[in-house]
Amino acid sequence: MAARNAGTELETELGWISKVYVNPPAVVRHAEQIQKWRTVKGNWQAAWLLKAVTCIDLTTLSGDDTPSNVHRLCFKAKHPIREDLLKAMDMHDKGITVAAVCVYPARVTDAVNALKAAGCDIPVASVAAGFPSGQTPLETKLAEIKLAVQYGAREIDIVISRSLVLSGQWEGLYEEIRQCREACGEAHMKTILATGELGSLANVYKASMIAMMAGSDFIKTSTGKEVENATLPVGVVMMRAIKEFYWQTGFKVGFKPAGGIRTAKEAITWLMLVKEELGVEWLKPELFRLGASSLLEDIEKQIFHHVTGSYALPHDLAMA
């Protein structure tokens, strides 16, 4: 991970936060232009896809998760692309794995043990703080975070109380996130804004800034459970906030789009957007993650086609 974000005091920033204005039509137009960018092909496409793999938080967040499917997920995290395909691209010795495995707190121990048995140091991330709704008391959220860290999670994906944003309670939002950051201890904290439920792009920008001021190491678009998850306009707004925070403080905060990112083409679009808005230095797992459960499958299919010239059959690739 990158150096921790120490955050800033809120008192001197509230007046500025209240005056934030976002031009939605301009943001949407910019996002539409991004979608028209020419897609990379051939070896360049394969390289971008392998970069995407290294930035994936490979995720399972289902009510029927069991130790066995978590173990399978962890094996796939260590071996995201078939070995013979990597050898064909001379990438078999580059240590390509996903960035993290993300599970519910109750499954953290399973993931930690599976990754340890596999002999790899991929971190376990855990959603906490009343995921996905955020509708639990703060004391419960903090206890859940502490338990996940105690179980071995090295990254915590918290979720904010959307009502604090919708009612303009910026001091309350700052304090909630600050206490969550404290509860994380040495674990890095990603703050999920649930942007599809914040009402406006201006609120997305304000919530992004408050989250970073409170010490978030990453800001994340969505839980993946909302009706609207990661969208390019939201990504533009959040990245502009990250850039502004960096200019003001010198702290680099990471960005994580999550929810609804299922295809290799979509992954490349997000990588291109990060490069355009934040620069190449953000294109690494320390500062960029893709939250996904099914994305890896499509990426591996595209790499299979790149190497063999044919499309993979269902039995050709291992499930995550």
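Residues numbered from 1 in each chain as written. Predicted model: local features only at pLDDT ≥ 70, side-chain atom pairs only at ≥ 80, totals over all residues. Heavy atoms only, no water.

Draft legend 1. Region of interest: helix α11 (residues 232-249). For α11, built from 18 residues, the straight-helix expectation of 26 Å at 1.5 Å per residue is met to within 8% by its first-to-last C-alpha distance of 25 Å. Along α11, the positions that sit buried rather than exposed are Leu-232, Pro-233, Val-234, Gly-235, Val-236, Val-237, Met-238, Met-239, Ala-241, Ile-242, Glu-244 and Phe-245. Elements that come into contact with the buried residues of α11 comprise α1 (14-18), α2 (24-35), α10 (201-213), β6 (218-220), β7 (254-256) and α12 (264-277). (Helix = DSSP H or I, 4+ residues; strand = E, 2+ residues; numbered from the N terminus. Expected span 1.5 Å × (residues − 1). Buried < 20%, exposed > 50% of the residue type's maximum accessible area, 1.4 Å probe, protein only. Contact = heavy atoms within 4.5 Å.)

Draft legend 2. Representation of the layout of surface pockets within the structure. Its volume calculated, the largest pocket comes out at about 460 Å³. If you trace the largest pocket, you find 24 residues lining it, with Thr-59, Leu-61, Ala-292, Ser-293 and Ser-294 closest to the centre. Those elements that place two or more of their residues in the lining of the largest pocket are α4 (67-78) and β8 (290-292). Its residues assigned to classes, the lining of the largest pocket comprises six nonpolar, 13 polar and five charged. Of the voids in this model, the second largest pocket is the one considered here, and its volume is about 330 Å³. Lining the second largest pocket are 20 residues, with Gln-35, Leu-232, Lys-265, Glu-266 and Thr-269 positioned closest to its centre. If you list the elements that add at least two residues to the lining of the second largest pocket, you get α2, α11 and α12. The leading source of residues in the lining of the second largest pocket is α12, at six residues. (1 Å grid on protein atoms, 1.4 Å probe; cavity = no way out; pocket = protein on both sides within 12 Å on 5 of 7 lines; lining within 4 Å. Points joined across faces, edges and corners; volume = space filled by probe spheres on them. Nonpolar A, V, L, I, M, F, W, Y, C, P; charged D, E, K, R; others polar.)

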